[in-house]
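# An overview of the molecular structure
Each chain, letter by letter, is given below.
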Amino acid sequence: MTHNPYAPPESSLENSYTPSSQPVWRKGKMVIMSPGAALPHCCVKCNATLPKPPKPRTLYWHHPLLYLLIFVQIVVYAIVAMIVRKKVSVAAGLCPAHRKRQLLGIALALGGLAGGFWLTASAFSNGQNLLGALGILLIVGGIFGGFLMARVVYAVRIDATEIRLRGFGKAFLDSLPEYPG
Ligand SMILES: [Zn+2]
């Protein structure tokens, strides 16, 4: 690309883009980027500038129809999913405030999990089946909640040309250009 002397000063873009020249777009609540692109070094929830560049994480995706295999055989599903899943490395960062909220959420989920185990064990040994069932619910909720809190952003589609992600905050999304497609 040749230099365009009439282009707006680059400094206004510096804050929202990493050196990657590949574009990152938003489409509704989704972020769309090409495989070589990098997210801006900002909190993906509130768009605050991060004190240091975020660490990349591997995100996985496979076609949602594959989940039907769980009903056939969960082991078969796990093996097939492992083989056909696509992965991408994404550095999505959180500001200190949002990191703190995330850690608190994980701690609450783990607390629920521990409480669930305790409740289940003590309720069933005393023949209180209803309370035991509540404990199991707490265990499932704790696992699910912890999983949701631990992931920052997640892939909703990965193919050879495009990566589609979700889990972003409005401020971050609003800082991105609208997807042209
Ligand atoms: Zn934030």
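Summarised in this report is the structure supplied together with it.

Moving on, we get to the overall build of the chain. The secondary structure content of the chain amounts to 6 helices and 6 strands. Counting helices and strands in the order they occur from the N terminus, the chain gives α-β-β-β-α-α-β-α-α-β-β-α. Residues counted as buried form 33% of the 181 residues belonging to the chain. In the chain, of all internal contacts separated by at least 6 residues, the share reaching a separation of at least 24 is 66%.

Scanning the entire structure with this criterion turns up 4 salt bridges. Of the charged contacts in the structure, one is a salt bridge between arginine 26 and aspartate 174, with a shortest N-O distance of 3.1 Å. Of this pair, arginine 26 sits in strand 1 (residues 24–27) while aspartate 174 sits in helix 6 (residues 170–174); the two residues are 148 residues apart in sequence, bridging distant segments of the chain. Under the relative-accessibility criterion, arginine 26 is labelled buried at 14%. We classify aspartate 174 as partly exposed; its relative accessible area is 42%. In the salt-bridge network here, residues are joined through shared partners; they are Arg26, Lys170 and Asp174.

Relative to strand 6 (residues 163–166), strand 5 (residues 154–158) runs antiparallel, the two sharing 4 bridges. Bridging across to strand 6, arginine 157 finds its partner in arginine 164. Between strand 5 and the antiparallel strand that follows it, strand 6, lie 4 residues.

Further remarks concern a positive patch on the surface. A cluster of basic residues, Lys52, Lys55, Arg57 and Arg99, forms a positive patch at the surface. In this fold, arginine 99 is placed in helix 4 (residues 96–125). Using a relative accessible area of 32% as the deciding quantity, one classes arginine 99 as partly exposed.

Another aspect to go through is the packing of aromatic side chains. The description of two aromatic rings rests on the distance between their centres and on the angle between their planes. Overall, the coordinates contain 3 aromatic pairs when judged by the stated rule. Each ring, one from phenylalanine 168 and one from phenylalanine 172, has its centre 5.2 Å from the other, and the planes form 15 degrees; the classification is stacked. Exposure class is identical for phenylalanine 168 and phenylalanine 172. Each is buried. The positively charged end of arginine 85 is found above the aromatic ring belonging to tyrosine 60, 3.8 Å away from the centroid. Its end group placed over the ring of tyrosine 154, arginine 151 keeps NZ or CZ at 3.7 Å from the ring centre.

With that settled, consider the coordination of the zinc ion. At this site the zinc ion is bound by Cys43 (SG), Cys46 (SG), Cys95 (SG) and His98 (ND1), with donor distances of 2.1 to 2.3 Å. Classification of the site at the zinc ion rests on its 4 donor atoms, whose angles at the metal span 101 to 116 degrees, yielding the label tetrahedral. Look at cysteine 46 and you get partly exposed, because its relative accessible area is 31%.

The subject of this paragraph is the side chain of histidine 62. Inspection of the secondary structure puts histidine 62 in the loop between strand 3 (57–61) and helix 2 (69–72). Among the residues examined, histidine 62 registers a relative accessible area of 10% and is labelled buried. Polar side-chain contacts of histidine 62 include one of 2.9 Å to the side chain of tyrosine 77. In this view, histidine 62 contacts Tyr67, Tyr77, Ala81, Val84 and Arg85; residues no more than four positions away in its chain are not counted.

Here is what the cut-offs are and how they apply
- Sequence order as written defines residue numbering, which begins from 1 separately in each chain.
- pLDDT decides what is reported in this predicted model: residues at 70 or higher carry local features, side-chain atom pairs at 80 or more are listed and counted, and totals for whole chains, interfaces and linings draw on all residues regardless.
- Only hydrogens and water are set aside; all other atoms, that is, all heavy atoms of the structure, feed into the side-chain values.
- Secondary structure elements are taken from DSSP: a helix is a run of H or I of four residues or more, a strand is a run of E of two residues or more, and numbering for both begins at the N terminus.
- Burial classification: accessible surface area is computed with a 1.4 Å probe over protein chains only, and a residue below 20% of its type maximum counts as buried, one above 50% as exposed, and the rest as partly exposed.
- Throughout, a contact is declared for two residues whenever any of their heavy atoms are within 4.5 Å.
- Take a side-chain nitrogen of Lys or Arg and a carboxyl oxygen of Asp or Glu: if they are within 4 Å of each other, that pair is a salt bridge.
- Note on pairing: two strands pair once DSSP finds at least 2 bridges between them.
- Patch rule: a residue counts if its relative accessible area is over 30% and it has no salt bridge; like charges are joined within 9 Å, and nonpolar side chains (Val, Leu, Ile, Met, Phe, Trp, Tyr) within 5 Å.
- The accessible surface values rely on the Shrake-Rupley method and a 1.4 Å probe; as for residues, cover is taken only from the protein chains in view.
- Under the convention used here, Asp and Glu are negative, Lys and Arg are positive, and both His and the chain ends fall outside the count.
- To locate a charge, take atom NZ for lysine, CZ for arginine, CG for aspartate or CD for glutamate.
- Each Phe, Tyr or Trp ring (for Trp, its six-membered ring) is paired with any other whose centre lies within 6.5 Å, and the angle between the two planes then decides the class: stacked below 30 degrees, edge-to-face above 60, tilted in between.
- When the NZ atom of lysine or the CZ atom of arginine is within 6 Å of a ring's centre and also within 35 degrees of its normal, the charge is said to sit over that ring.
- Shown as donors are all N, O and S atoms within 2.8 Å of a metal ion, widened to 3.2 Å for Na, K and Ca; because water is not in the atom set, sites may appear incomplete.
- Between 85 and 135 degrees for all angles marks four donors as tetrahedral; over 155 degrees for opposite donors together with 65 to 115 for all other angles marks four donors as square planar and six as octahedral; every other arrangement is irregular.
- N or O atoms closer than or at 3.5 Å make up a polar contact, with two conditions inside protein: a donor-capable atom paired with an acceptor-capable one, and, for residues adjacent in sequence, both atoms drawn from side chains.

Any functional reading would require information that these geometric values do not contain.
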